[in-house]
Amino acid sequence: MDEVAVAIADPVRRRILSMLRDEPLSAGVIAARFTISRPAISRHIRLLRESGLVRDELVGRQRIYRLDPGPLAPLLDWLTGLATVDRWERHLDALETEVYRTRRERRSRGPAEHRREHTA
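These numbers come from a predicted model, not from an experiment. (Residues numbered from 1 in each chain as written. Predicted model: local features only at pLDDT ≥ 70, side-chain atom pairs only at ≥ 80, totals over all residues. Heavy atoms only, no water.)

**Section: the nonpolar core**
Stage number 1. Among the nonpolar cores identified, the biggest contains 18 residues, and I16, L20, I30, F34, I41 and L48 are the most heavily contacted of them.
Stage number 2. The element best represented in this core is helix α2 (residues 11-22), accounting for five residues.
Stage number 3. Those residues in contact with I16 that sit more than four places away from it in its chain are I30, F34, I41, H44, I45 and L48. (Core = buried A, V, L, I, M, F, W, Y, C linked by side-chain atoms within 4.5 Å. Buried < 20%, exposed > 50% of the residue type's maximum accessible area, 1.4 Å probe, protein only. Helix = DSSP H or I, 4+ residues; strand = E, 2+ residues; numbered from the N terminus. Contact = heavy atoms within 4.5 Å.)

Here's what the structure looks like:
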């Protein structure tokens, strides 16, 4: 998970991943879309490959790169856990809401109705 987090920390690598999400591309096509040098793009692609986010395939004389989102799953699970409210906290909030609603209903009916409800 740490390798993936490091890989997506850089804006250039995130842009490369976005490009590869749309379609497989060669290094030359990727580099042409940036103003930084081709060797710099090659280093970014290498880091993405090493993290497992990008797979490559030799097609003729070109290496074609594809996104592999699989390694994002553990990071996504971890982030989702941070972003969601604890399950028990939600249940307790729902219980609290129900208790207040019941109290409000009892107050609005008055004491005589409440006694009749329990003696019937």
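**So, the pattern of salt bridges**
Stage number 1. With the rule as written, the count across this model stands at nine salt bridges.
Stage number 2. For the salt bridge of E23 with R33, the shortest nitrogen-to-oxygen distance reads 3.7 Å. Separated by ten residues along the polypeptide, E23 in the loop between α2 and β1 (25-26) and R33 in the loop between α3 (27-32) and α4 (38-51) bring together distant segments of the chain.
Stage number 3. Assessed through its relative accessible area of 38%, E23 is described here as partly exposed.
Stage number 4. In this structure R33 comes out as partly exposed when scored by relative accessible area, which is 38%.
Stage number 5. In this structure, E98 and R101 form a salt bridge, with 2.2 Å as the shortest nitrogen-oxygen distance. Placement of the pair is E98 and R101 together in helix α6 (residues 87-109), with a separation of three residues, close to one helical turn.
Stage number 6. Exposure remark for E98: the relative accessible area of 37% places this residue in the partly exposed category.
Stage number 7. A cluster of three or more residues bridged by salt bridges with shared partners is formed by R49, D56 and R63. (Salt bridge = Lys/Arg side-chain N within 4 Å of Asp/Glu carboxyl O.)

**Some details on the pairing of strand β3 (residues 62-67)**
Stage number 1. Bridge count for β1 against β3 is two bridges, and the pairing is antiparallel. Residue pairing in the sheet places L25 in a bridge with Y65 of β3.
Stage number 2. Note that strand β2 (residues 54-59) and β3 share six bridges and pair antiparallel. Pairing of R55 across the sheet is with R66, part of β3. (Pairing = 2+ DSSP bridges.)

**Here's the deal with the sheet that holds β3**
Stage number 1. Strand order in the open sheet formed by three strands is β1-β3-β2, with antiparallel pairing between adjacent strands. Every interior strand has two partners, whereas the edge strands, β1 and β2, have only one.
Stage number 2. Contacting β1, β2 and β3, α2 crosses the sheet at an angle of about 95° to β3. (Axes fitted to C-alpha atoms, helices over the stretch in contact; angles between N-to-C directions.)

**A short note on the packing of helix α1 (residues 2-9) against α4**
Stage number 1. Their axes nearest at 9 Å, the elements α1 and α4 cross at an angle of 155°. Classified by the angle their axes make, α1 and α4 are roughly antiparallel. Taken as a pair, α1 and α4 cross one another with a handedness that is left-handed. Between α1 and α4, the residues in contact are E3, V4 and A7 and L47, L48, E50 and S51, respectively.
Stage number 2. By residue class, the composition of the contact of α1 with α4 is four nonpolar, one polar and two charged. (Parallel < 35°, antiparallel > 145°, perpendicular 65-115°, else oblique. Left-handed = near helix turned anticlockwise from the far one by under 90°. Nonpolar A, V, L, I, M, F, W, Y, C, P; charged D, E, K, R; others polar.)

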